[in-house]
Every structure is written in structure tokens, then in C-alpha cells.
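Fold and geometry: a report
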Amino acid sequence: MPIYKAPTRDTRFIVNEVVRVADYTHLAGFENATQDMTDAVIEEAGRFVSEVVAPLNRVGDIEGCTRHPDASVTTPTGFKEAYRQYVEGGWPTLVGPEAFGGQGLPHVIGFVMEEYMCSANHAFAMYPGLANGAISAILSKGSPEQQAKYLPKMVSGEWLGTMNLTEPHCGTDLGLIRTRAEPQADGSYAITGTKIFISAGDHDLTENIIHLVLAKTPGAPESSKGISLFIVPKFLVNDDGSLGAKNAVSVGSIEHKMGIHGNATCVMNYEDAKGWIVGEENKGLAAMFVMMNAARLGVGIQGLGQAEAAYQNSVLYAQERRQGRALTGPAEPDQKADPLFVHPDVRRMLMDAKAFTEGMRAFSGWGGLLVDLSHKAATAEERQEADDLISLLTPVIKGYGTDRGYQTATDMQQIWGGHGYIAESGMEQFVRDARIAMIYEGANGVQAMDLVGRKLPMNGGRAVQAFFKLVDDECASAADSGDAVALVAERLGKANGELKAATMWFLQHDMTDRNALGAGAYAYMTLMGIVSLGLMWLKMAKVAAAALAAGTDDTLFYEAKLVTAKHFALRSIPQAGALRREIEAGGETVMALPVEAFATA
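Per chain, the residues get numbers from 1 upward, laid out in the order the sequence is written. Since the coordinates come from a predicted model, pLDDT governs what is reported: local features require at least 70, and pairs of side-chain atoms require 80 or more to be given and counted, while whole-chain, interface and lining totals use all residues. Hydrogens and water are ignored here; the side-chain numbers use all heavy atoms of the structure.

Observations regarding the overall build of the protein
When helices and strands are counted, the protein shows 19 helices and 11 strands. All radius of gyration figures rest on C-alpha atoms, and the globule criterion is 2.2 Å times the number of residues raised to 0.38. For the protein, the C-alpha radius of gyration of 24 Å lies close to 25 Å, the compact-globule estimate for 601 residues. For the protein, buried positions account for 56% of its 601 residues. Just so you have it, the protein exposes about 24500 Å², and 54% of that area is on carbon and sulfur atoms. Only DSSP runs of H or I covering at least 4 residues are called helices, and only runs of E covering at least 2 are called strands; the numbering of each starts at the N terminus. Between buried and exposed lies partly exposed: a residue is buried under 20% and exposed over 50% of the maximum accessible area for its type, with that area taken using a 1.4 Å probe on protein chains only. Each accessible area value is a Shrake-Rupley result obtained with a 1.4 Å probe; residue values ignore everything except the protein chains displayed when judging cover.

Here it is in C-alpha cells:
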């Protein structure tokens with residue numbers, strides 16, 4: 001039976017010493033984010049998730065969700081009770097707006113809970129995770145009446161929400177959607193169409209579900225410029241807030257999937273369902289992107305969550321499983337074999353996993369801070385810089401975070417050998433569950449194209465130039481922090497140089513060879529991911545070196561940080577040069593062959 005224990009010690013290190021949330025308590029929204037408060041939230045979140053949510057991960061995978069003859073859906077055994085405890089504990093309100101009953105804590109703290117939930121039970125975490133995105137969209141684009149009607153019960157967790165984009169014939173190319181919205185005399189719209197792959201499309205966790213649905217009104221342009229967004233509740237909501245009649249929306253089927261079996265991924269049928277437009281007509285894609293950007297950050301955290309859970313179980317297995325002898329001679333001569341931990345190749349995979357999970361935890365924590373500062377920083381200039389950076393880095397957090405999360409899960413399965421391929425170990429579930437994160441909320445190739453095609457040239461390259469400067473400044477300030485820190489800074493500085501060169505190459509070829517842009521985009525996203533985690537490791541190494549120099553009761557923890565930072569600098573950052581050369585190879589060989597040349601028979 002797989003185990004999971006929330007990494008609260010490392011989280012407190014990120015929140016208190018690296019991101020330093022308490023330094024911002026003078027800003028609106030941070031007033032309650034004192035260290036005592038955030039430590040208490042972290043510890044209680046870790047306890048709740050480890051004890052209540054994690055034990056249901058295997059149950060959800062085996063049982064899955066059930067669609068009944070009346071088209072209703074029930075979740076696996078224990079999910080409904082766990083969700084009730086989640087709501088009673090106030091967890092849905094953590095970062096919700098205070099005006100609608102939320103606690104208004106910084107997103108940094110919300111991201112902590114998201115990570116823990118995703119590690120413990122990815123499928124369960126998706127139910128409230130999608131609702132957070134729906135709340136963001138209604139908060140950003142909904143009318144005051146819509147906000148008052150739906151947000152209080154969504155923020156409290158009494159109602160959940162979904163996003164309905166994909167249709168059988170279109171995924172990324174949303175301009176092809178066929179779902180129609182016919183205006184009605186009462187100001188509502190009749191929504192008709194079929195949506196697929198709808199996470200948490202129906203369930204028994206809450207009494208109502210607020211669907212956000214993309215559709216086209218009569219005469220709308222047949223492109224993405226003709227899309228509108230609509231609120232379509234499962235049950236209509238009366239003026240007094242009570243529930244009315246069941247809306248004309250139903251579940252056609254539950255998808256049979258590779259993983260995340262505990263989440264109801266549904267085919268949704270809308271048959272003249274009653275809906276209300278959110279924001280302006282034909283401006284729905286902009287409204288939906290508010291939700292999607294929030295979801296993409298959450299999906300990047302899912303990559304971290306799966307990697308962390310798999311890593312914890314492989315550390316335990318490597319301590320207990322005995323196979324072979326150490327290359328330097330028996331480590332435990334009184335035993336018939338040594339633990340797996342003595343083998344360098346096992347250590348390599350564990351160290352790579354440790355470097356990724358701890359680096360990605362810092363990266364997501366910093367990302368959460370940037371989200372907050374983009375709204376709450378003291379000056380317009382600071383808000384702009386934070387918004388530029390998080391806009392630039394969102395596809396990197398999603399794309400690189402889920403790529404490396406999946407790779408880490410498979411590496412951890414590898415440590416278990418044949419036992420990792422057997423279902424009882426739980427390792428193959430981590431791999432299966434992690435795979436979806438690379439696909440949904442915009443496949444990672446789409447994230448890469450968003451990064452190089454939209455985010456790099458945005459505002460004349462202002463965001464990427466700010467990122468370059470941030471990395472350079474961090475490297476320059478490392479001179480007096482010791483040899484280990486200096487090593488990380490030196491390697492990171494070179495990698496940042498590779499990233500700058502790759503960026504310049506893209507800018508030079510942007511209009512003359514668009515295929516070169518597309519062919520190199522994925523390598524560029526990976527390169528920026530490596531530099532981003534390198535930046536996090538440099539920050540963490542500086543903190544660790546200072547703690548050791550000042551004297552600490554937790555020497556092992558801080559020494560491990562320095563060693564892991566050095567490991568990332570020596571074994572991951574050097575990939576930057578190869579990625580730059582891959583980018584500069586252009587698109588010639590990628591695009592050269594005719595379609596017929598790909599035939600295999």
C-alpha cells in the first residue's frame with residue numbers, strides 16, 4: 001500500500017525562508033500571512049490531507065466513478081465523506097475573496113494545499129481544483145448579480161464548478177466549436193451541444209455544479225472571435241438562493257481513461273439548457289483564459305504532486321529492498337545483500353527526483369507569490385513586473401513541471417523494478433495519473449508555442465528581459481556565499497546565456513521561418529524550465545549557506561540543500577547547451593519529408 005506524508009518541513013522552508021511571505025504582511029491580502037499563521041495552515045493541511053485524502057487514492061483508482069441509469073454519477077467509496085470534511089475544515093475558502101466568504105490568504109498558501117492534495121489523491125483534488133478556476137472567471141468577468149448569486153456557495157465549497165471547452169471534433173482549435181446559444185426573451189440563452197473530457201462533469205459531492213460553457217450565438221464569426229462564455233448550472237438557482245428545477249444538462253457517459261479513475265471525466269449533453277452569458281458576447285475566450293491560466297498553474301503543481309508521492313515511496317523501498325552489493329564492497333556484510341540505496345544508479349534517480357521536487361516546490365511557491373503581487377504589490381510598476389513574469393512563466397510551470405513530474409514518476413517506478421509494474425505497489429498508478437497532466441489544459445506542445453509565439457514578443461520582450469535580469473542579478477550576488485553557492489551561480493549564469501542566445505535566435509527567425517519557431521519551441525520551454533529551477537536552487541543554496549554559517553539545529557536539512565543544489569547545477573543545468581543547439585537546428589529536417597514518407601507499410 002503506497003504511503004504519503006506531506007513534506008511540511010520543506011514547505012515551511014520555501015514559504016518562510018525562500019519566498020518569505022511574512023515580508024509582505026504590509027500589503028493588502030497579506031495581513032494575516034504571519035509566520036505563525038502560515039506554519040499552522042501548512043501543518044494542519046499536511047495532517048488533513050495525509051490522514052483523510054491519501055488513503056482514498058487507491059480506492060478511487062480501483063472503483064472509479066459510476067454513471068447510473070438516470071444519468072446521475074457517484075464518486076468512489078469515501079470521497080463524499082472526505083469532501084464533507086474538506087468543506088467543514090474551511091479548506092475551499094483558503095484563498096477565496098473575503099467579499100464572498102473566503103479567507104483571502106495569499107495564493108502561495110493555496111498552492112501548498114493544491115500540492116498536498118495532488119500528491120495524496122490527484123483525482124480527488126480535481127473536484128475543488130476546477131471550481132477554483134470557475135471562481136476566478138466569474139470574479140473577473142461576471143456581473144455583480146452573477147457574482148452575488150454563485151460565488152458565496154462556490155467559495156464555501158457548497159457548490160463546485162467545471163469548464164466545458166472541448167468537443168468531439170475540436171480540442172485546442174476552439175474556433176471550431178459547434179455548441180450553440182440561442183437568446184431567449186428573459187435574457188437567458190438556450191445552450192445546445194455536446195462537450196467531452198469534462199473533468200468533474202457530474203458527481204455526488206455537492207448539491208449543485210456550476211458549468212462554464214463555451215458556445216456561439218447566432219451570427220457569430222466562425223472562428224475563436226465568435227466564442228461566448230455562459231454559466232449553465234446543473235440546477236437552476238432561484239432569486240432567494242435556493243435550488244430550482246434540474247437544468248437540461250446530462251451526462252452521456254463517463255470516459256474510460258488511463259488514470260485519474262476517481263474523477264468523473266464526462267461527456268456532457270446540453271439540450272436547450274438554460275444559461276447566462278458571462279461578460280460580453282463573442283469575448284468568451286478571454287474570459288475562459290482567466291480560468292485556464294489558473295488551471296494551468298494548478299496542473300503544473302499536479303506534476304510536482306505526483307513526483308513527490310512517487311519519490312516518497314521509492315525512498316522507502318530503496319531503504320528496505322536488498323539487492324546485490326555496493327560497488328566498493330559489502331555495505332552490510334552481516335546481511336545477504338545491501339539495500340538499493342548503495343547503488344549509484346538508484347541514487348542518481350533519487351537525487352534527480354529530489355532536485356526536481358524541491359526545486360519545483362520553490363518554483364510554484366514563487367509563482368504563487370507573483371500571482372499575488374500582480375494584484376497587490378505596492379506600486380503599479382511592481383504589479384506590472386509581477387504580472388509580466390507570471391504570464392511568461394505560466395506555460396513553463398505547466399509544461400516543464402508536468403514533463404519532469406511524469407519522468408520522475410517513471411524513474412521512481414524503475415527503482416521498484418518488476419514490483420513497480422505490479423498494481424499492488426501503487427507505483428504504476430502514479431505513472432498513469434501523472435500522464436494526463438502533460439495533455440489537458442493545453443497540451444505541453446501548445447504551452448511551448450504559447451511561450452515562444454506569444455509570451456516572448458509580448459510588450460517588446462519586456463517580460464523575458466526582466467527574467468534575464470533577475471537571473472543575472474541573483475548570480476552576481478552570490479560571490480560571498482561560499483563555494484557551493486558560487487558553483488551553482490556560475491553554472492546558472494552560463495545556462496542563462498544559452499537561454500538569451502536561443503531567444504535572440506528565435507527573434508531573428510520569427511518572421512522568416514515560422515516552422516523553425518515551432519520545431520524549437522519545446523526545447524526552448526525545457527531550457528527555460530531548467531533555468532527557472534536553477535534560479536530556485538541558487539536562492540535556496542544562499543539561504544542554506546547563510547543558515548549553516550549562522551548556526552542551526554537543523555544542520556542535516558541545510559547541508560542536504562547545498563548538496564542537492566550542486567547536483568542540479570552539475571547534472572541538470574548542463575542540458576542547457578544541448579537544448580540551445582537543438583533549437584538552432586531549425587525546422588528543416590522536421591518539415592522536410594512528404595507525408596508519404598512516414599508510411600510504414
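Overview of the side chain of T75
Among the structural elements, T75 can be located in the loop between β2 (73-74) and α4 (79-88). Polar contact is defined as a pair of N or O atoms within 3.5 Å, subject to the rule that within protein one atom must be able to donate a hydrogen and the other to accept it, and that residues adjacent in sequence are counted only when both atoms are side-chain atoms. Looking at T75, its side chain comes within polar contact range of the side chain of D204, at 2.7 Å. Ignoring anything within four residues of it in the chain, the contact list for T75 reads G64, C65, K80, Y127, H203, D204 and L205. Any pair of residues with heavy atoms lying within 4.5 Å of one another is described as a contacting pair.

Regarding the pairing of strand β4 (residues 180-183)
Strands pair, by our definition, only if DSSP identifies at least two bridges between them. Here β4 runs beside strand β5 (residues 189-199); their pairing, made up of 4 bridges, is antiparallel. Bridge pairing in β5 places R180 opposite T192. Taking the residues that link successive antiparallel strands as the turn, the β4-β5 hairpin has 5 residues, and the phi of G187 there is positive, at about 95 degrees.

Overview of the environment of T589
If you trace the backbone, T589 turns up in helix α19 (residues 588-592). The spacing of T589 and K274 is 315 residues in sequence and 51 Å in space, taken between C-alpha atoms.

Considering unusual backbone geometry
Leave glycine aside and you will find that most residues have negative phi; peptide bonds, for their part, are mostly trans. Of note, A200 is a non-glycine position whose phi angle comes to about 60 degrees, a positive value. With respect to the helices and strands, the residue A200 is situated in the loop between β5 and β6 (208-215). The exposure class assigned to A200 is buried, which follows from its relative accessible area of 1%.

Observations concerning the packing of aromatic side chains
Ring pairs shown here join Phe, Tyr and Trp side chains whose ring centres sit within 6.5 Å, with only the six-membered ring taken for Trp; geometry is labelled stacked below 30 degrees between planes, edge-to-face above 60, and tilted in between. This model, assessed by the stated rule, comprises 13 aromatic pairs. Ring-pair connections join several aromatic residues into one group, and the members of that group are F48, Y83, Y86 and W91. A ring is considered to have a charge above it if a Lys NZ or an Arg CZ atom is located within 6 Å of its centre and within 35 degrees of its normal. Sitting over the face of the ring of F557, R9 holds its NZ or CZ atom 4.0 Å from the ring centroid. We note R435 situated over the ring of Y406; from NZ or CZ to the ring centre the distance is 5.5 Å.

Side note on the environment of M37
Structurally, M37 can be placed in helix α2 (residues 35-53). Sequence spacing of M37 and A22 is 15 residues, and the spatial spacing of their C-alpha atoms is 9.7 Å.

Some thoughts on helix α14 (residues 462-476)
Its 15 residues give α14 an end-to-end C-alpha distance of 21 Å, which sits within 8% of 21 Å, the value for a rise of 1.5 Å per residue. Next to the buried residues of α14 lie α10 (380-415), α15 (483-509) and α16 (514-550). Take the residue count of a helix, subtract one, and multiply by 1.5 Å to get its expected span.

Re the pattern of salt bridges
Each salt bridge in this description consists of a side-chain nitrogen of Lys or Arg and a carboxyl oxygen of Asp or Glu lying within 4 Å of one another. Considering all chains together, one arrives at 36 salt bridges under this definition. Among the salt bridges present, the one from E43 reaches R12, with a minimum N-O distance of 2.9 Å. Of the two residues, E43 sits in helix α2 while R12 sits in helix α1 (residues 8-18), which places them 31 residues apart along the sequence. Residue classification places E43 among the partly exposed positions, given a relative accessible area of 35%. Under the relative-accessibility criterion, R12 is labelled partly exposed at 24%. The residue K234 makes a salt bridge to D202 at a minimum N-O spacing of 2.8 Å. Here D202 lies in the loop between β5 and β6 and K234 lies in the loop between β7 (228-233) and β8 (235-237), a separation of 32 residues in the sequence. Both residues of the pair, K234 and D202, count as buried. Through salt bridges that share partners, D10, E115, E308, K354, E358, R361 and K561 make up one connected network.

With respect to the environment of A362
Among the secondary structure elements, A362 is positioned in helix α9 (residues 344-376). Sequence separation of A362 and D480 is 118 residues, and the distance between their C-alpha atoms is 23 Å.

Thoughts on the packing of helix α8 (residues 284-320) against helix α12 (residues 427-435)
Axis lines are fitted to C-alpha atoms, over the contacting stretch for helices. Their N-to-C directions set the angle, which ranges from 0 to 180 degrees. Remark: α8 packs on α12, axes separated minimally by 10 Å, with the N-to-C direction vectors making an angle of 165 degrees. It follows from the interaxial angle that α8 and α12 lie roughly antiparallel. Judged by the twist between their axes, the crossing of α8 over α12 is left-handed. Here Q306, A309, A310, N313 and S314 of α8 come into contact with α12, specifically with M427, F430, D433 and A434. Classifying every residue of the contact of α8 with α12 gives 5 nonpolar, 3 polar and 1 charged. Here the angle decides the label: under 35 degrees means roughly parallel, over 145 means roughly antiparallel, 65 to 115 means roughly perpendicular, and every other value means oblique. In a left-handed crossing the near helix is turned counterclockwise from the far helix by less than a right angle, and in a right-handed crossing that turn is clockwise. Nonpolar residues are Ala, Val, Leu, Ile, Met, Phe, Trp, Tyr, Cys and Pro. Charged residues are Asp, Glu, Lys and Arg, and all others, Gly as well, are polar.

A short note on the packing of helix α5 (residues 107-120) against α9
For the pair α5 and α9, the least separation of the axes is 7 Å and the interaxial angle reads 140 degrees. As summarised for this structure, α5 and α9 are arranged oblique, according to the angle between their axes. Our pair here, α5 against α9, has a crossing hand that is right-handed. Of the residues in α9, those touching α5 at H107, V108, F111 and E115 are R361, S364, G365, G367, G368, L369, V371 and D372. Of the residues contributing to the contact of α5 with α9, the split by class is 4 nonpolar, 5 polar and 3 charged.

Some details on α8
With 37 residues, α8 should cover 54 Å at 1.5 Å per step; its first-to-last C-alpha distance of 54 Å lies within 8% of that length. In terms of burial, α8 is largely enclosed, as 29 of its 37 residues are buried.

A few points about the nonpolar core
The nonpolar side chains of a soluble globular protein tend to be buried, and buried together. What we call a nonpolar core is a set of buried Ala, Val, Leu, Ile, Met, Phe, Trp, Tyr and Cys residues that are connected through their side-chain atoms within 4.5 Å. Residues F467, Y524 and M528 are the most contacted members of the largest nonpolar core, which totals 156 residues. Considering every element that reaches this core, the biggest residue donor is α16, with 21 residues. By size, the runner-up hydrophobic cluster in this structure holds 35 residues, among which are L151, I210, M291 and Y440.

So, the state of the cysteines
Two cysteine sulfurs form a disulfide in these notes if their separation is within 2.5 Å. The tally for this structure, following the rule as stated, stands at 0 disulfides. In this model C65 remains outside any disulfide bridge; the closest cysteine sulfur is found in C266, 7.6 Å from its own. No disulfide involves C118; its sulfur sits 16 Å from the nearest other cysteine sulfur, which is in C65.

Observations regarding the side chain of E115
Assignment of secondary structure puts E115 in helix α5. Among the residues examined, E115 registers a relative accessible area of 3% and is labelled buried. Excluding residues within four positions of it along the chain, E115 makes contact with P7, I301, L304, G305, E308 and R361.

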